[in-house]
Amino acid sequence: MTNQENITSSAVAHGGNFQDLAASQSPARTPLYQTSVELKARFTNFGGWEMPVQYSGISSEHQAVRNNAGMFDISHMGKFTLQGKTLIDQLQNLVPSDLSRLQPGQAQYTVLLNAEAGIIDDIIIYYLGKDTTDTQNVVIIVNASTTDKDKAWILAHLDPNIVHFQDLSRHKVLIAVQGPKATSHLQSLVSADLTPVKAFGHIETTILSHPAFLARTGYTGEDGFEVMVDPEVGVKLWQHLHNLGVIPCGLGARDTLRLEAAMALYGQDIDDHTTPLEAGLGWLVHLDTKGDFIGRSVLEQQKTEGVRRKLVGLQTQGRNIARHGYPVLSSSQVVGEVTSGTISPTLGYPIALAYVPTQLATVKQQLEVEIRGKAYPAVVIKRPFYRSKNRVTN
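In the annotation of an unreviewed UniProt entry, the entry for the chain reads Aminomethyltransferase, and the organism field reads Anabaena cylindrica. In UniProt, the chain has this text filed under Function (unreviewed entry): "The glycine cleavage system catalyzes the degradation of glycine." Turning to the chain, the UniProt record has this under Subunit (unreviewed entry): "The glycine cleavage system is composed of four proteins: P, T, L and H."

This is the structure:
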C-alpha cells in the first residue's frame with residue numbers, strides 16, 4: 001500500500017485530483033506546509049494546492065486512524081461564514097435538505113444542486129444560531145477545488161442586502177483529528193467539555209487558550225473533530241497533537257479511509273451530472289417537509305419514476321483493483337463505470353464504487369470489471385464497506 005500508484009490512480013480526499021506538481025504553476029500552500037516539510041512528507045498537487053500525500057506511509061497512517069488517532073491538514077478546503085436575519089430561509093432554496101430543523105450547535109451534510117438536480121458540490125452547513133440582534137449565523141465548509149464555483153453560486157442566489165458573506169478560506173487553518181482516541185487527545189487542549197457534543201454537533205470554545213471552532217464531523221468513518229483556528233494557532237496545535245502521539249496523515253490515507261466508509265468523493269463519485277437519488281444520498285432529500293428548491297422538480301420525477309442508475313459498492317476477486325473509469329460489465333456488455341477503487345487496508349480485499357443500471361444494483365448481483373483489457377468477477381455488496389464501532393451518534 002505504500003506504492004503511490006496504487007493510491008493516486010484515483011483522487012483522494014475532498015477537493016480535487018492528484019496532478020504532477022510540474023504540470024501546475026505555483027500551487028497554493030497551507031500554513032502547515034513547512035511543518036509537513038519538516039516531517040518529510042511527500043507532496044502532490046491536489047486541487048491547486050501542494051498537499052502532503054503521505055508522511056510515514058499510507059497503510060500505517062490508515063491504521064493509526066482506525067485504531068488510535070491521526071490528524072490531517074485540510075486547510076485547503078473552502079470556509080465561508082454567512083449572517084442574515086432570514087439566512088436559513090434563503091439557504092433553503094439552494095439545497096434539498098430541510099435546514100429549518102437545525103438547532104444551534106447542529107450541522108447538516110447536504111448538496112448544492114443545479115436546475116437539473118446535478119450536484120454542484122457536497123457541503124456541510126453548521127448552524128451557530130442567532131446573535132443578540134436576532135441575526136442567524138452559519139459556517140459552510142466546501143471542497144477545495146470547488147471553492148470559487150460554490151462561492152459564485154451561493155452569492156448569485158442570496159440577497160446581498162440581507163445576507164453578509166465572508167470567505168475565510170485563506171485565513172483559517174482546518175485540522176481533522178480522527179480516530180477512537182481523537183477526542184481524548186483534543187480534550188486535554190480544549191477548555192470546554194467535548195463529551196456533550198454529538199455527531200455533527202459543533203462548539204465555539206478555546207484551544208491552547210485561543211478561539212476555536214470544533215465540529216464533530218469528518219471524512220474517515222471514525223469519531224473525531226475538525227478544528228478551525230487562526231494560522232499561528234494551527235501550527236501550535238499540530239505540534240501539540242504530534243507530541244501527544246497523534247499521527248500526521250496525508251491525502252492517501254484520507255482516500256482509503258473515506259472509501260471504506262463509502263463516503264462520496266466530489267468529482268468522481270458525484271458531480272454536476274449525478275443527482276443525490278442516483279448517488280444513494282436520498283436521505284438528504286426532504287421533499288415532504290420543505291418547499292421549493294433548485295432541482296426539486298427533477299427529484300420529484302425521479303422519486304416517482306425511479307432512477308435509471310445507482311451508485312453501488314463492489315468487491316472484486318483476488319487482488320484485482322477496480323479503479324476510477326474502469327468499465328463494469330454484465331453478460332460481456334458494458335453497463336457502468338467504476339468511480340473509486342482501492343484495496344481496503346482494514347478488510348484486506350479490493351473495494352470500489354460504481355454506477356450501474358438500477359436493475360443490476362441489488363446486493364449479491366454478479367458483475368465483472370474490465371481491468372487492463374481483461375474481465376474479472378465482481379459482486380455488488382452492502383455499503384458502507386466498513387462501519388466503526390467507535391462513532392458517536394446524534
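Asks: Please set out the overall build of the chain residue by residue, giving values where relevant.
Replies: The number of helices and strands found in the chain is nine helices and 20 strands. For the chain, whose C-alpha radius of gyration is 21 Å, the value lies close to the compact-globule estimate of 21 Å for 394 residues. Taking the principal axes of its C-alpha atoms as reference, the chain extends roughly 65 × 50 × 45 Å. Of all 394 residues assigned to the chain, the portion counted as buried reaches 58%. Only carbon and sulfur atoms are counted for the fraction: they give 48% of the accessible area of the chain, which is about 16200 Å².

Asks: Help me get a handle on the pattern of salt bridges, residues and values and all.
Replies: As a working rule, side chains carrying opposite charge can pair if their charged atoms are close by. Under the definition given, this model contains 12 salt bridges. Between D272 and K149 there is a salt bridge whose closest N-O contact spans 3.4 Å. Placement of D272 in the loop between α8 (251-260) and α9 (296-305) and of K149 in helix α5 (residues 147-157) is noted, with a sequence separation of 123 residues between them. A salt bridge links R258 to D269; its shortest N-O distance comes to 2.8 Å.

Asks: Mind laying out the domain arrangement of the chain, listing which residues take part and the relevant values?
Replies: Examined at the domain level, the chain breaks down into domain 1 (32-77 + 171-261) and domain 2 (78-167). Distance between the C-alpha centres of domain 1 and domain 2: 24 Å. Contacts between the two partners involve 17 residues from domain 1 and, on the opposite side, 18 residues from domain 2. Roughly 1300 Å² of surface becomes buried between domain 1 and domain 2 when both sides are summed, with 70% attributable to carbon and sulfur atoms. In terms of surface lost to domain 2, no three residues of domain 1 exceed M77, F200 and H202, which account for 49% of the buried area on that side. Between the two partners, domain 1 and domain 2, sit zero salt bridges. Broken down by class, the residue content of the side of domain 1 that touches domain 2 amounts to seven nonpolar, seven polar and three charged.

Asks: I'd love a proper account of the pairing of strand β12 (residues 210-215), names of residues and values included.
Replies: In terms of strand pairing, strand β11 (residues 202-207) meets β12 through six bridges, oriented antiparallel. Its bridge partner being in β12, I207 is matched across the sheet by H210. In this structure, the hairpin formed by β11 and β12 is closed by a connection of two residues, where L208 is found at a positive phi of approximately 55°. Both β12 and strand β13 (residues 224-229) contribute to a ladder of three bridges, which runs antiparallel. Note on β13: the bridge partner recorded for F213 is M228.

Asks: Give me the lowdown on the side chain of K290, citing residues and values where you can.
Replies: Along the chain, K290 turns up in the loop between α8 and α9. No salt bridge is formed by the buried K290; its nearest oppositely charged neighbour, D98, is found at 5.9 Å. Among the polar contacts made by the side chain of K290, one reaches the main-chain carbonyl oxygen of S97 at a distance of 2.9 Å. Among all residues touching K290, those that are not within four sequence positions of it are Q92, V95, P96, S97, D98 and R296.

Asks: So what about the side chain of Q90? Which residues, and what values?
Replies: Counting through the fold element by element, Q90 comes out in helix α4 (residues 87-91). Side-chain polar atoms of Q90 contact the backbone nitrogen of D159, separated by 2.9 Å.

Asks: How would you explain the environment of L277 if you had to name every residue and give the values?
Replies: Relative to the assigned elements, L277 resides in the loop between α8 and α9. Assessed through its relative accessible area of 15%, L277 is described here as buried. As a C-alpha pair, L277 and H171 span 106 residues in sequence and 35 Å in three-dimensional space. Residue contacts for L277: discarding those within four places in its chain leaves G282, V285, L299, Q302, K303 and V307.

Asks: Outline the sheet that holds β13, listing residues and values.
Replies: Spatially, the six strands line up as an open sheet ordered β11-β12-β13-β10-β4-β14, and their pairing is mixed. Each edge of the open sheet carries a strand with a single partner, namely β11 and β14 (247-249). Shown here is a sheet whose adjacent strand axes are inclined to one another by a mean of 30°, direction ignored. Where strand β4 (residues 70-73) lies against strand β10 (residues 173-178), four bridges are found, and the strand directions are antiparallel. Counterpart to D73 in the pairing with β10 is I175. Relative to the sheet, helix α7 (residues 231-243) contacts β4, β10, β11, β12, β13 and β14, its axis offset from that of β10 by approximately 20°.

What counts, and where the lines are drawn
Residues numbered from 1 in each chain as written. Predicted model: local features only at pLDDT ≥ 70, side-chain atom pairs only at ≥ 80, totals over all residues. Heavy atoms only, no water. UniProt positions renumbered as here; feature names shortened; annotations may be inferred. Helix = DSSP H or I, 4+ residues; strand = E, 2+ residues; numbered from the N terminus. Rg over C-alpha atoms; globule rule 2.2 N^0.38 Å. Buried < 20%, exposed > 50% of the residue type's maximum accessible area, 1.4 Å probe, protein only. Areas by Shrake-Rupley, 256 points an atom, 1.4 Å probe, with all protein chains shown as cover. Salt bridge = Lys/Arg side-chain N within 4 Å of Asp/Glu carboxyl O. Domains from an automatic or database assignment. Contact = heavy atoms within 4.5 Å. Buried area = accessible area lost by both parts, 1.4 Å probe. Nonpolar A, V, L, I, M, F, W, Y, C, P; charged D, E, K, R; others polar. Pairing = 2+ DSSP bridges. Lys, Arg positive; Asp, Glu negative; His and termini not counted. Polar contact = N/O pair within 3.5 Å; in protein donor to acceptor, adjacent residues only side chain to side chain. Axes fitted to C-alpha atoms, helices over the stretch in contact; angles between N-to-C directions.

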